[in-house]
Structures are given as structure tokens and as C-alpha cells.
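Residue-level structural notes
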Amino acid sequence: MSAGGALQGQVAIVTGAGRGIGHAIAMALAREAAAVVLAARTRQELAAAAAAIRESGGRALAIPTDVAQDGAVEAMVEQAIAEFGRVDVLVTAAGAASFGPVMGTKPSDWDPLLAVNLRAVMVCCRAVLPMMIRQRRGTIINIASVAAQRPIAGAAVYTATKAGVVGFSRVLAEELRADGVRVGVLVPGAVDTPLWDTIGNAPDRSRMLRPEDVARAAVLIASLPPGASLEELTLLPSGGIL
Ligand SMILES: NC(=O)c1ccc[n+]([C@@H]2O[C@H](COP(=O)([O-])OP(=O)(O)OC[C@H]3O[C@@H](n4cnc5c(N)ncnc54)[C@H](OP(=O)(O)O)[C@@H]3O)[C@@H](O)[C@H]2O)c1
């Protein structure tokens with residue numbers, strides 16, 4: 001970790017940090033010298049990521065957390081503050097995807113995606129606000145998807161969660177301006193992560209973005225000077241959406 005990193009002295013919480021986009025963002029924030037709190041459910045993945053950060057000279061804390069449980073999110077943020085004293089950056093990269101036509105699903109099938117991709121994002125944002133407002137400083141980066149902007153048949157439920165994240169983030173940004181807290185939403189096209197492992201008919205993964213591409217965008221949002229707020233950033237594979 002570079003002593004002169006752009007996020008020296010800052011503390012970042014990253015949900016979904018065990019693999020995929022969240023993992024790449026956690027590593028990139030640590031390279032910028034942030035202390036990183038890694039949250040997801042799979043303990044081994046979190047422990048490995050935290051160990052890799054520490055071996056490179058950084059500070060990291062793995063906190064196994066199911067973000068769909070409000071109490072677990074509150075406890076995770078409390079533990080982060082107890083360990084590192086503040087929270088400067090929140091990245092909500094915990095998420096899931098499943099696809100299929102609306103008529104092929106039951107309403108109860110929609111609940112897991114709504115819980116993790118939308119409600120948990122809202123709960124995580126809410127949980128860090130008291131600290132960020134007290135500090136008069138903070139950057140929230142929510143991970144949406146290009147599905148929120150372009151209709152893709154079979155992605156109605158996923159799209160509803162991601163469009164919800166975009167709308168929530170826009171309003172939260174307005175509510176927090178006077179408090180010095182920035183809210184941005186990162187809108188990636190397809191990214192080659194384990195998310196696609198269980199999805200049939202996945203597009204050509206070699207043409208997708210790399211998780212590290214999304215991480216560079218997240219570092220940009222987090223490391224802008226306090227007077228600038230990058231609030232919506234769409235990042236597509238250069239070959240276009242897949
Ligand atoms: N991959 C893409 O093409 C793409 C494109 C645009 C946007 N996105 C969005 O980016 C985010 C990350 O996607 P990804 O591709 O990196 O997915 P991924 O490789 O499947 O990783 C998802 C991460 O979220 C965590 N997670 C899932 N449910 C959780 C829960 N209930 N509590 C805590 N953590 C949970 C997973 O850990 P555990 O299972 O161990 O909890 C894992 O660390 C998602 O919101 C996704 O919608 C992805």
C-alpha cells in the first residue's frame with residue numbers, strides 16, 4: 001500500500017468484497033491506502049482478501065455479514081467504527097442476479113433480489129449516515145447496472161432493483177449535500193465475475209469489462225477532492241453492451 005495513496009487516513013466499507021466487483025474495489029481502495037472493511041457472507045473469501053491486503057502492508061478487517069439482515073448491517077458498521085474510528089467511504093457491491101420472463105416467475109421469487117440488490121443497499125447507506133454526517137465527510141458509491149438504463153428482456157426484476165438503486169442514490173445525494181456527504185452511483189455494463197458462472201446463455205465473457213475496470217472508476221469517485229461529486233458514471237465494455 002502506498003504511503004502517499006489518495007485515500008490515506010480514510011476508512012472504506014465494501015460489501016460484496018469476497019469476490020467479483022466488490023473484491024476488486026476493496027483491493028483498489030487498499031492500494032490507495034484506505035483501511036478497508038470487507039463484508040459478505042463467505043468467511044474464507046473475506047479472510048483471504050483481508051490477508052492479501054495486510055500482506056501488502058495495508059489495514060483490513062473482514063466482517064462476515066448477510067446484508068439482507070438489518071441487524072447484521074448495523075453490527076458490521078459498529079464494528080468497523082470500533083476498529084477504525086470512522087467511515088469515509090461505503091461501496092455497496094453485494095448483489096445477485098437471476099433472469100427470466102416475468103410470466104415464468106412467482107412474486108415470491110422476486111424477494112431475494114429485491115432484498116439484496118435494493119433494500120440492503122438502502123439499509124447499508126442508512127447505517128453509515130450518522131457517522132458520515134458527524135464527520136461532515138463521506139462518499140457513498142452504490143453499484144447499479146446498465147440494466148437500469150436499457151431494457152433487456154428477461155431482466156425485469158433485476159432491472160427494477162437497479163433502477164431503484166439509481167433513484168434512491170439520486171435522492172440521497174440531494175438530501176446529504178448540506179452535510180458534506182457525496183452519493184454516487186456506478187452503472188457498469190457486463191463485467192466478467194463469478195456472477196455469470198451459474199447463468200445460462202451468458203454473453204461472451206471475454207468481451208466483458210474486468211472487475212479491475214470498475215474498481216478504477218470507484219477509486220476515481222472516492223478520491224475526487226471534496227468540492228467535486230461524481231454522481232453517476234456509466235462504464236461499458238468498449239465493444240458496447242452485450
Ligand atoms: N457482473 C456483472 O456483469 C455486473 C454488471 C453490472 C452490475 N453488477 C452488479 O455488481 C454487484 C456485484 O456483482 P458481481 O458481478 O461482483 O457478483 P459476484 O461475483 O457474484 O459477487 C457478489 C458478491 O456479493 C456478495 N453477496 C451476495 N449476497 C450477499 C448478502 N446477502 N450479504 C452479503 N454479501 C452478499 C457475495 O458474497 P457471499 O455470497 O459470500 O455473501 C459476493 O462477494 C451486483 O450488485 C451486481 O448486480 C454486476
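Within every chain, residues take consecutive numbers counted from 1 along the sequence as written. Residue-level local features of this predicted model are given only where pLDDT is at least 70; pairs of side-chain atoms are given and counted only at 80 or more, and the full residue set underlies all totals for whole chains, interfaces and linings. Here the side-chain values reflect all heavy atoms present in the structure, with hydrogen atoms and water set aside.

A look at the site of the ligand
In the region of the ligand, 28 residues are neighbours, and Thr42, Tyr158, Lys162, Val191 and Thr193 sit closest. For this analysis, a polar contact is any N or O atom pair within 3.5 Å, provided that within protein one partner can donate a hydrogen and the other can accept it, and provided that sequence-adjacent residues contribute only side-chain to side-chain pairs. Here an oxygen atom of the ligand sits 2.5 Å away from a polar atom, N or O, in the side chain of Thr193. Protein contact buries 96% of the 880 Å² of open area that the ligand shows by itself. The helix and strand labels rest on DSSP assignments: H or I over at least four residues marks a helix, E over at least two residues marks a strand, and numbering proceeds from the N terminus. Those elements that provide at least two residues to the shell around the ligand are helix 1 (20-31) and helix 5 (156-176). The classification used treats Ala, Val, Leu, Ile, Met, Phe, Trp, Tyr, Cys and Pro as nonpolar, Asp, Glu, Lys and Arg as charged, and all other residues, Gly among them, as polar. Class assignment for the residues of the shell around the ligand results in 15 nonpolar, 9 polar and 4 charged. Throughout this document, a residue counts as near a molecule or strand when at least one of its heavy atoms sits within 4 Å of that molecule or strand. Shrake-Rupley sampling with a 1.4 Å probe provides the accessible areas, and residues are treated as covered by the protein chains on show and by no other component.

Points about the packing of helix 1 against helix 6 (residues 211-223)
Packing of helix 1 against helix 6 leaves a shortest axis separation of 8 Å and a crossing angle of 50 degrees. Regarding the angle of helix 1 to helix 6, the classification is oblique. Helix 6 is crossed by helix 1, and the crossing has right-handed handedness. When helix 1 is examined against helix 6, the residues Gly20, Ile21, Ala24, Ile25, Ala28 and Leu29 are found in contact with a partner set consisting of Pro211, Glu212, Val214, Ala215, Ala218, Val219 and Ala222. Across the contact of helix 1 with helix 6, the residue classes tally to 11 nonpolar, 1 polar and 1 charged. To obtain each axis, a line is fitted to C-alpha atoms, and for helices this fit is confined to the stretch in contact; angles are then taken between N-to-C directions over 0 to 180 degrees. Here the word oblique covers every angle except those under 35 degrees (roughly parallel), over 145 (roughly antiparallel) and from 65 to 115 (roughly perpendicular). Here is the rule for handedness: rotate from the far helix to the near one, and if that takes an anticlockwise turn smaller than a right angle the crossing is left-handed, while a clockwise turn gives right-handed. Residues are treated as being in contact if the distance between any of their heavy atoms lies within 4.5 Å.

Here's the deal with the pattern of salt bridges
Note that side chains of opposite charge can pair when their charged atoms are close. Within this document, salt bridges are pairs made up of a side-chain nitrogen of Lys or Arg and a carboxyl oxygen of Asp or Glu, the two lying within 4 Å of each other. Taken as a whole, this structure holds 11 salt bridges when the rule is applied. For Arg19, the salt bridge goes to Glu45, with nearest N and O atoms at 2.8 Å. Of the two residues, Arg19 sits in the loop between strand 1 (11-15) and helix 1 while Glu45 sits in helix 2 (residues 43-55), which places them 26 residues apart along the sequence. A 1.4 Å probe rolled over the protein chains alone gives each residue an accessible area, and that area as a share of the maximum for its type sets the label: buried under 20%, exposed over 50%, partly exposed in between. According to the relative accessible area criterion, Arg19 is partly exposed, its value standing at 42%. The shortest N-O distance in the salt bridge between Arg119 and Asp70 comes to 2.7 Å. Taken as a pair, Arg119 in helix 4 (residues 107-135) and Asp70 in helix 3 (residues 70-84) lie far apart in primary sequence, 49 residues in all. For Arg119, a relative accessible area of 45% corresponds to the partly exposed category. Through salt bridges with shared partners, a single network forms among Asp192, Asp197, Arg205 and Arg210.

Observations regarding helix 4
For helix 4, built from 29 residues, the straight-helix expectation of 42 Å at 1.5 Å per residue is met to within 8% by its first-to-last C-alpha distance of 41 Å. Considering bend angle alone, the principal kink of helix 4 is centred on Leu114 and spans about 45 degrees. By definition here, a helix of n residues has an expected span of 1.5 Å times n minus one. Think of it this way: the bend at a residue is just the angle between two axes, each fitted to seven residues, one set ending at that residue and the other starting at it.

Focus: unusual backbone geometry
When glycine is set aside, most residues are seen to have a negative phi, and most peptide bonds are trans. The backbone of Ala33 shows a phi angle near 80 degrees, a positive value even though the residue is not glycine. Within the secondary structure, Ala33 is located in the loop between helix 1 and strand 2 (35-40). With relative accessibility at 17%, the residue Ala33 sits in the buried group. Non-glycine residue Asn201 carries a positive phi angle of around 55 degrees. If you trace the backbone, Asn201 turns up in the loop between strand 6 (181-188) and helix 6.

Description of the layout of surface pockets
If you roll a probe as big as a water molecule over the atoms, it shows you where there is empty space left. Computed over the protein atoms alone on a 1 Å grid, cavities are sets of points where a 1.4 Å probe fits but cannot get out and pockets are open sets with protein on both sides within 12 Å along at least five of seven lines; a residue lines them when it has an atom within 4 Å of a point. Grid points are joined across faces, edges and corners, and a volume is the space filled by probe spheres set on the points. Within this model, the second largest pocket holds a volume of roughly 290 Å³. If you go around the second largest pocket, you meet 23 residues; those closest to its centre are Gly138, Thr139, Gly180, Arg182 and Pro226. Secondary-structure elements contributing two or more residues to the lining of the second largest pocket are strand 5 (138-143), helix 5, strand 6 and helix 6. Here the element with the most residues in the lining of the second largest pocket is strand 6; it accounts for 3 residues. Taken together, the residues of the lining of the second largest pocket break down into 10 nonpolar, 7 polar and 6 charged.

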